[in-house]
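Secondary and tertiary structure notes
Each chain, letter by letter, is given below.
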Amino acid sequence: MKPKHAVKALLVLLVSWLHLAPYANAQVLVIDMQRVEREAIVSNDFDAQTGKLREQIRFFRLLIRPGGLLDQEAADLESQKRFMDEQTYAQSRKALENRTDEASAALQAAEAILEAWRGEALQQINRAQADVLRSLKETHGAYDVRLKSDTPDDGDGIDVTMQYIAMLDELLPVVTLTQYEPQE
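Quick caveat, the model's predicted, so the values are computed rather than measured.

**Focus on the overall build of the chain**
Scanning the chain from terminus to terminus reveals six helices and three strands. Secondary structure elements in the chain, listed N-terminal to C-terminal, are α-β-α-α-α-α-β-β-α. Of all 184 residues assigned to the chain, the portion counted as buried reaches 28%. Across the chain, contacts joining residues at least 24 apart in sequence account for 83% of those joining residues at least 6 apart. Counting only carbon and sulfur atoms, one obtains 55% of the accessible surface of the chain, whose full area is about 12,700 Å².

Have a look at this one:
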């Protein structure tokens, strides 16, 4: 190798070493997000705040799904049709159609509210997570954070799940859902 090429190669090696030197003792952090979702206070808070609305959604789905309560009521009405005069049957049929339309509209509205609440909660959680991750990386001198689900069992890395949960709980114990109120 010519001296000129050797010097150039040495310079490239030195520059790359200097670039990587800060990471020589750096760590990879691993977080079990499934555990975070189960155990973080904010996750349980979101579930508690949205429980009534999610229950309403389940109820509306039971009403309008194929074979659901309104379909059963329609079948009952059809079986009673021969015992009714035309006007009574038409009124009953129209009332059932109106209830089905109302239940469908209420389901759509409730699902839209839940989705908006999820968006609000995720924004708040993402901001808090960014602060927690930044702090953990600084504390541990880490250059990367990986999800446990993406890391082999024998992979390198420090599991900081419990620290992560504790810091997230302290920073964001509750989410504020201000955009909508559940319908009664």
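**Here we look at the packing of helix α3 (residues 41-64) against helix α5 (residues 86-140)**
At a minimum axis distance of 9 Å, the contact between α3 and α5 shows a crossing angle of 160°. Taken as axis vectors, α3 and α5 run roughly antiparallel relative to one another. α3 and α5 meet at a crossing whose hand is left-handed. Across the contact of α3 with α5, the residue classes break down as 16 nonpolar, four polar and four charged.

**Some words on the side chain of D32**
Position of D32 relative to the elements: it lies in the loop between β1 (27-31) and α2 (33-39). One buried charge, D32, has no salt-bridge partner; the nearest side chain with opposite charge is K148, at 4.3 Å. Here D32 is in contact with K148 and T161, once residues within four sequence places are set aside.

**Some words on the packing of aromatic side chains**
Inspection of the entire model under this criterion finds one aromatic pair. Relative to F60, the ring of F59 has its centre 5.9 Å away and its plane inclined at 55°; by these criteria the two rings are tilted.

**Regarding helix α4 (residues 69-80)**
In this model α4 runs 17 Å from its N-terminal to its C-terminal C-alpha over 12 residues, within 8% of the 16 Å that 1.5 Å per residue would give. Taken as a whole, α4 has its buried residues at L70, A74 and L77. The arc that holds every buried residue of α4, seen down its axis, measures 60°, which confines them to one face. Buried residues in α4 make contact with α3 and α5.

**Comments concerning the sheet that holds β1**
The parallel open sheet is built from three strands, whose spatial order is β2-β1-β3. The sheet is open, and its two edges are formed by β2 (142-147) and β3 (158-159), each paired on a single side. Here β1 runs beside β2; their pairing, made up of five bridges, is parallel. Directly across from L29, in β2, lies its bridge partner V145. Where α5 meets the sheet, it contacts β1, β2 and β3, and its direction lies at approximately 130° from that of β2.

**Topic: the environment of Q129**
By secondary structure assignment, the location of Q129 is in helix α5. A sequence separation of 42 residues divides Q129 from L171, and the C-alpha atoms of the two residues are 9.0 Å apart. Ignoring any residue separated from it by four or fewer positions in sequence, one finds Q129 in contact with M33, Y164 and L168.

**What to know about the confidence of the model for the chain**
When pLDDT is averaged along the chain, the result is 85; 81% of the residues meet or exceed 70. Within the chain, no element has a lower average pLDDT than helix α1 (residues 3-20), which sits at 46, and none a higher one than helix α6 (residues 161-171), at 95. When the criterion is pLDDT under 50, residues 6-24 qualifies, and its contacts beyond four places in sequence or with other chains add up to two contacts.

**Thoughts on α5**
Between its first and last C-alpha atoms α5 spans 78 Å; for 55 residues at 1.5 Å apiece the expected length is 81 Å, and the two agree. With a side-chain oxygen lying 3.1 Å from the backbone nitrogen of Q87, the N-terminal cap of α5 falls on D85. Immediately downstream of α5, the backbone of G141 shows phi near 65°, a positive value.

Definitions and cut-offs
Residues numbered from 1 in each chain as written. Predicted model: local features only at pLDDT ≥ 70, side-chain atom pairs only at ≥ 80, totals over all residues. Heavy atoms only, no water. Helix = DSSP H or I, 4+ residues; strand = E, 2+ residues; numbered from the N terminus. Buried < 20%, exposed > 50% of the residue type's maximum accessible area, 1.4 Å probe, protein only. Contact = heavy atoms within 4.5 Å. Areas by Shrake-Rupley, 256 points an atom, 1.4 Å probe, with all protein chains shown as cover. Axes fitted to C-alpha atoms, helices over the stretch in contact; angles between N-to-C directions. Parallel < 35°, antiparallel > 145°, perpendicular 65-115°, else oblique. Left-handed = near helix turned anticlockwise from the far one by under 90°. Nonpolar A, V, L, I, M, F, W, Y, C, P; charged D, E, K, R; others polar. Lys, Arg positive; Asp, Glu negative; His and termini not counted. Salt bridge = Lys/Arg side-chain N within 4 Å of Asp/Glu carboxyl O. Phe/Tyr/Trp six-rings, centres within 6.5 Å; stacked < 30°, edge-to-face > 60°. Expected span 1.5 Å × (residues − 1). Arc of directions from axis to C-beta. Pairing = 2+ DSSP bridges. pLDDT = per-residue confidence, 0-100. Polar contact = N/O pair within 3.5 Å; in protein donor to acceptor, adjacent residues only side chain to side chain.

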